[in-house]
Amino acid sequence: MGQPSFDAYREDVAGRANVADTPELVAYYERLAKLGTGALWTVANKIEPWEPASTSVPMLWRYNDLREDVLRALDLVTPEQAGRRVVYLENPGRSDVVAAVGWLYSGLQVMAPGECASSHRHSASALRFIMEGSGAFTNVDGHKLTLGRNDFVLTPNGTWHEHGVADDGTICIWQDGLDIPLMNALEANFYEVHPDLNQAVSFPIDDTTATWAGSGLRPQGHEWSKRYSPMLKYEWAPTYEALAALSRVSDGSPYDGIIMDYVNPVTGGPVMPTIGAQMQLLRPGEHTRAHRQVGSFVYQCAKGSGHSIIGGKRFDWQERDIFVVPAWMWHEHANASDTEEACLFAFHDLPVMRSLGLYREEGFGENGGHQPLI
Ligand SMILES: [Fe+2]
């Protein structure tokens, strides 16, 4: 056996650690290790890379591949047993923290008519994007929200929430998105089950959208100071209408096409302090230029079909497919159709990056803004 190596991260660049092992240094490093210490120059270049180095890999989950097994969970476990009957999406680079990408968790939840999961609350912020079925609902702090296809709903951190499907509904599948890995990384995660298991409906059904979803209008006499959007639910029809209207008067973003953020109507800021969300529309034939951002993204195709090139790799998607873009990785999107629009929903951790002053983005300068394929 040779000597242990401590100089694996040397870089021959002025200002970077560049110390070759010698027998004397190795003996010194071994003495430091016994004291619960180490020499920073042996790891400095590893722990402070030149730019963000995500351990997540870009990947895509095809809904057609997952759907049967998600439905199978209906026969295998009850919501009472499982708490939440979910098949989660695992990034091979992040299996230790059960993340789909970066510090974001995602899964597909399935519920049958008449089922209702028990009410709970947690430090993690959560959202749901409805994939299929009718009659789904979420109760958030007593506000019951009815949910249809492509609706987006929040269950912000600290709010009591439960999900179910009405007796006269159909089997429903939705995508969950949470910041569980981030809460655990921050060692800030609490979880509680509601003392009554299910909470009362304390407000008129769908009161949050009736109150706050008037576009460009704010209700008088309704104060709101919590750190998340009082709207809680964002329906597909007005979202799509807003994108279609914008596409008639704007060229949109060269990197994202026609793109809009879901916002807190009181502040104009993100829907929750740690998770933001957006919907974008790629016009027929559109292929955007590549850019990269500090932050992780989980996308779901809400309409149409196309492909994205992420880190030089092509991923083809169609309605309901989910894919992820790791932090600081080049990505561009293309609509497959010359006649139909394509829409991509995404949630991300940009509110965290922005509130900590860490957000950056950069356009891909070469090759007309398009990455070479690997
Ligand atoms: Fe939850």
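Residues numbered from 1 in each chain as written. Predicted model: local features only at pLDDT ≥ 70, side-chain atom pairs only at ≥ 80, totals over all residues. Heavy atoms only, no water.

### So, the coordination of the iron ion
Ligation of the iron ion by protein atoms is provided by H120 (NE2), H122 (NE2) and H161 (NE2), these donors lying 2.1 to 2.2 Å from the ion. Sequence positions of the donors to the iron ion reduce to the motif H-x1-H-x38-H. For the pair H120 and H122, a shared accessibility class is recorded, and that class is buried. (Donors = N, O, S within 2.8 Å, 3.2 Å for Na, K, Ca; no water. Buried < 20%, exposed > 50% of the residue type's maximum accessible area, 1.4 Å probe, protein only.)

### Considering the pairing of strand β21 (residues 342-348)
Judged by how many residues are buried, β21 sits mostly within the fold: seven of seven residues are covered. Going residue by residue along β21, you find A342, L344, A346 and H348 tucked away on one face and C343, F345 and F347 tucked away on the opposite face as well. Relative to β21, strand β14 (residues 276-282) runs antiparallel, the two sharing seven bridges. In the sheet register, Q280 faces β21, and the bridge partner there is L344. Across six bridges, strand β16 (residues 297-303) lies against β21 in antiparallel orientation. In the sheet register, K303 faces β21, and the bridge partner there is C343. (Helix = DSSP H or I, 4+ residues; strand = E, 2+ residues; numbered from the N terminus. Pairing = 2+ DSSP bridges.)

### As for the state of the cysteines
Evaluation of the coordinates by the stated rule reveals zero disulfides. Free of any disulfide, C116 has its nearest neighbouring cysteine sulfur in C172, separated by 12 Å. Here C116 falls in the partly exposed class, since its relative accessible area comes to 24%. Free of any disulfide, C301 has its nearest neighbouring cysteine sulfur in C343, separated by 7.9 Å. Taking relative accessible area as the criterion, C301 reaches 0% and is therefore assigned buried. (Disulfide = S-S within 2.5 Å.)

### Comments concerning the nonpolar core
Of all hydrophobic cores here, the largest spans 54 residues; its most connected members are F152, Y262, M279 and F345. The leading source of residues in this core is helix α3 (residues 63-76), at six residues. F152 has contacts with L127, R128, F129, L232, K233, Y234, Y262, V271, A277 and F345, leaving out every residue within four places of it along the chain. Counting 15 residues, the second-largest nonpolar core is a separate cluster that includes L282, F315, F323 and A342. (Core = buried A, V, L, I, M, F, W, Y, C linked by side-chain atoms within 4.5 Å. Contact = heavy atoms within 4.5 Å.)

### Describing the environment of L350
For L350, the location among the structural elements is in helix α8 (residues 350-355). Under the relative-accessibility criterion, L350 is labelled buried at 4%. Separated by 53 residues in sequence, L350 and F297 have C-alpha atoms that sit 8.8 Å apart. Discounting residues that sit within four places of it in the chain, L350 has contacts with Q293, V294, G295, F297 and Y359.

### A look at the packing of aromatic side chains
Counted by the stated rule, this structure contains 15 aromatic pairs. An angle of 50 degrees between the planes, with centres 4.5 Å apart, marks the rings of F152 and Y262 as tilted. With a gap of 110 residues between them, F152 in strand β8 (residues 152-155) and Y262 in the loop between β13 (258-261) and β14 connect regions that are remote in the sequence. Like Y262, F152 is buried. With a centroid separation of 5.3 Å and an interplanar angle of 55 degrees, the aromatic rings of F152 and F345 are classed as tilted. With F152 in strand β8 and F345 in strand β21, this pair connects stretches of sequence that are 193 residues apart. (Phe/Tyr/Trp six-rings, centres within 6.5 Å; stacked < 30°, edge-to-face > 60°.)

### A word on the sheet that holds β21
Within the open sheet, the six strands sit side by side as β1-β19-β16-β21-β14-β13. Their pairing is antiparallel. The open sheet has two free edges, formed respectively by β1 (59-61) and β13, since each of these has just one partner strand. The average undirected angle you get between the axes of adjacent strands in this sheet is 25 degrees. By the bridge criterion, four bridges tie β13 to β14 in an arrangement that is antiparallel. Bridge pairing links M260 to M279 in β14. Contacts from helix α7 (residues 236-249) reach β13, β14, β16 and β21, with the element oriented near 135 degrees to β13. (Axes fitted to C-alpha atoms, helices over the stretch in contact; angles between N-to-C directions.)

This is a description of form; function is not addressed.
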